[in-house]
Amino acid sequence: MPLSRAEIVTPSGERLINRLCKHWAHKLNVEQSEQQATITFETGTCLLHAEPERLLVSIETLEEEHLDQLEGVVESHLVRMANDEPLEIVWEN
């Protein structure tokens, strides 16, 4: 399974997870606990884990072609949910 990861430096990891989950819960399967979440898309899964000063994001897909697409979707939504906080997101796969 193709996999991509990003480690994002931010003190707002839990807040970002909460905002993303609320945003996507109406149309996607979302499982959330205090510091982590799993969001299931049609083409793959996004795992989020908040630590004190960083947010760990993993995306797993069945096909390589969907990986770039999901990276873009997750990244654009994280940036939007962060409001004025600049996020540096570098995907590693």
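Residues numbered from 1 in each chain as written. Predicted model: local features only at pLDDT ≥ 70, side-chain atom pairs only at ≥ 80, totals over all residues. Heavy atoms only, no water.

### Brief notes about the pattern of salt bridges
- The final tally for this structure, using the stated rule, is three salt bridges.
- With its nearest N and O atoms 2.4 Å apart, the salt bridge here joins E51 to R54.
- Note on E51: relative accessible area 25%, which makes it partly exposed.
- R54 sits in the partly exposed class, given a relative accessible area of 27%.
- Residues participating in the shared-partner salt-bridge network are E7, E51 and R54. (Salt bridge = Lys/Arg side-chain N within 4 Å of Asp/Glu carboxyl O. Buried < 20%, exposed > 50% of the residue type's maximum accessible area, 1.4 Å probe, protein only.)

### What to know about the pairing of strand β4 (residues 44-51)
- Here β4 shows a buried face lined by G44, C46, L48 and A50 and an unburied face lined by T45, L47, H49 and E51.
- With five bridges joining them, strand β3 (residues 36-40) and β4 adopt antiparallel strand pairing. The residue bridging T40 from the neighbouring strand is T45, located in β4.
- Between β3 and β4, which pair antiparallel in sequence order, lie three residues.
- In this sheet, strand β5 (residues 54-61) lies alongside β4 in antiparallel orientation, the contact comprising eight bridges. What sits directly across from E51, in β5, is R54. (Helix = DSSP H or I, 4+ residues; strand = E, 2+ residues; numbered from the N terminus. Pairing = 2+ DSSP bridges.)

### Quick notes on the pairing of β3
- In β3, alternate side chains face the same way, and those of A37 and I39 are buried while those of Q36, T38 and T40 on the opposite face are not.
- One ladder, built from four bridges, connects strand β2 (residues 29-32) with β3; its direction is antiparallel. Paired with E31 across the bridge in β3 is T38.
- Connecting the antiparallel pair β2 and β3 is a turn made up of three residues.

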